[in-house]
Structure formats: C-alpha cells, structure tokens
Amino acid sequence: AVMRRDTVKGEFYLPPGVKPPPPPKSDGESEKVIKYFDPAKMKGIVVDDEQASRTGTWTHGAGLENFIGVGYHYAGSGAKSSARFEFSVPSAGKYEVLFAYQPHENRSATVPVAVYSSEGVKIVEVNETLPAKIAPTFVSLGAFEFSPDKKGAVVVSTDKGKGNVAIDAIQVLPAKN
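Per-chain numbering applies: the sequence of each chain, read as written, is numbered from 1 onward. With the structure being a predicted model, the display of local features is reserved for residues of pLDDT at least 70 and the display and counting of side-chain atom pairs for 80 or more, all residues being used for whole-chain, interface and lining totals. Side-chain metrics in this entry use all non-hydrogen atoms of the structure; hydrogen atoms and water are not considered.

(A) Quick look at unusual backbone geometry. In this structure, Pro136 follows Ala135 across a cis peptide bond, with omega equal to 0 degrees. If you trace the backbone, Pro136 turns up in the loop between strand 10 (120–126) and strand 11 (138–146). Of note in this structure, Asn66 is not a glycine but carries a positive phi near 65 degrees. Going along the chain from the N terminus, every DSSP run of H or I of four or more residues is numbered as a helix, and every run of E of two or more is numbered as a strand. The residue Asn66 is located in the loop between strand 4 (59–61) and strand 5 (67–68) in this model. On the basis of relative accessible area, Asn66 is assigned to the partly exposed category, the value being 22%. For Lys80, which is not glycine, the phi torsion reads 50 degrees and is therefore positive. Position of Lys80 among the secondary structure elements: in the loop between strand 6 (72–76) and strand 7 (82–87). By relative accessible area, Lys80 is classed as exposed at 74%. Note on exposure labels: buried denotes an accessible area under 20% of the residue type's maximum, exposed denotes more than 50%, and partly exposed covers the range between, all computed with a 1.4 Å probe on protein chains only.

Right, dumping it as structure tokens:
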C-alpha cells in the first residue's frame, strides 16, 4: 500500500519517488496483465492524473490497458468536473504537449482540453472514442511557447459533449522544429 492521503477524507496520491505497484489482473479469471507505464521512466515532464488538481466527481479506473502510473480517472459529461495538470519548463522555448487517456466507446467525442502557455489559452477538442495515436496512449495537443517563470497548464473539462471523459497524464517535450 503505497498510496497516501493527507487527511482521512483527502484524495489518495502516489508520493514522489515511489514506484507504482504492479497493476491488477483484468478480470480475476484471466492471467492477462494490464499494461501500465511508470511516469518516472518517461521522457520530458510527465504529470500523472494522481498529481492533477481535480474538482467535481472523478472515478479511479485501472481496467483498460496502457495507463500511466497507478491508473486513470474518468467522469461523466454532466459531472461538472475538471482536472488541472500544472508544470514548469526548465527553459523558455517551444514544447509539444501530449495528453493521455484510455479510449472507449462510452467516452465523449468532444472533450475540451485547454492548454495555458505563454501564447495564451488554446482549446483543443479530443475525441476519446478513438485510440490515441502516440504510444502508449497519447495525442498531441500541439506545440506551444512556455517560459520557466510562468507555470504551464492543461485543463480538461466535462462540460461539453456526451459520454465519459477520461484523464491519465500529460507529457511535455521539447518541440521538434
């Protein structure tokens, strides 16, 4: 049991530097192991859903493959929920911002994902019914200018569309020219 919380009713989180536990079996009858990825071993800046500031009602999940860390979260489109992934870049420049989710037929096809950068705010609509195109489970939100003196952020909201909205992680990498 490596998960922690600061108060009895607080959100569980994985303490920094702690390796995620092995993933659960998918259904108890099968020996199939769910694939997951350790955020500490990934390139660039990775902010897992466990570190995101979440408002509203989010449900923890770990039944779909290729998640980052100890699982992912999802919320219904009417839940009035949001998640904010904040990060700081080491130096000023252009960075590609990736967003990870677990695709499923019950997901929303119109998930608004806002990227806050030195350029302002840009909203990218993500169709979570479709598989992510960048392994293991990422889509690119684009390349944006960031500065180390101002935090960047990615905010995912459930206020549009129909279906569940899933969040797993963001990854920020130096942009390729």
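(B) Spatial organisation of the sheet that holds strand 10. If you trace the five strands from one edge of the open sheet to the other, you get 3-7-12-9-10, paired in antiparallel fashion. Sheet topology places strand 3 (53–55) and strand 10 at the edges, where each strand pairs with a single neighbour. Within this sheet the neighbouring strands show an average axis-to-axis angle of 15 degrees, counted without direction. At least two DSSP bridges between two strands are needed for those strands to be called paired. Note that strand 9 (residues 111–117) and strand 12 (residues 152–157) share four bridges and pair antiparallel. Every angle, taken between N-to-C directions, lies between 0 and 180 degrees, and every axis is a line fitted to C-alpha atoms, over only the stretch in contact when it is a helix.

(C) Spotlight on the nonpolar core. The set of buried Ala, Val, Leu, Ile, Met, Phe, Trp, Tyr and Cys residues whose side-chain atoms join them within 4.5 Å is what this entry labels a nonpolar core. Core analysis: the biggest nonpolar cluster contains 29 residues, and Phe85, Phe99, Leu141, Val154 and Val156 have the highest contact counts within it. Of all elements in the fold, only strand 7, strand 8 (93–100), strand 9, strand 10, strand 11, strand 12, strand 13 (164–167) and strand 14 (169–174) reach the threshold of two or more residues within this core. Sorting elements by how many residues they give to this core places strand 11 first, with four residues. Contacts are assigned to residue pairs that have any heavy atoms within 4.5 Å of one another. If near-sequence neighbours (up to four positions away) are discounted, Phe99 is found in contact with Val113, Val126, Glu128, Thr137, Phe138, Val139, Leu141, Val156, Ala166, Ile167, Ala169 and Ile170. Counting residues in hydrophobic clusters, the runner-up holds seven residues, among them Ile68, Leu98, Phe138 and Ala169.

As far as function goes, none of this settles anything; it's purely spatial.
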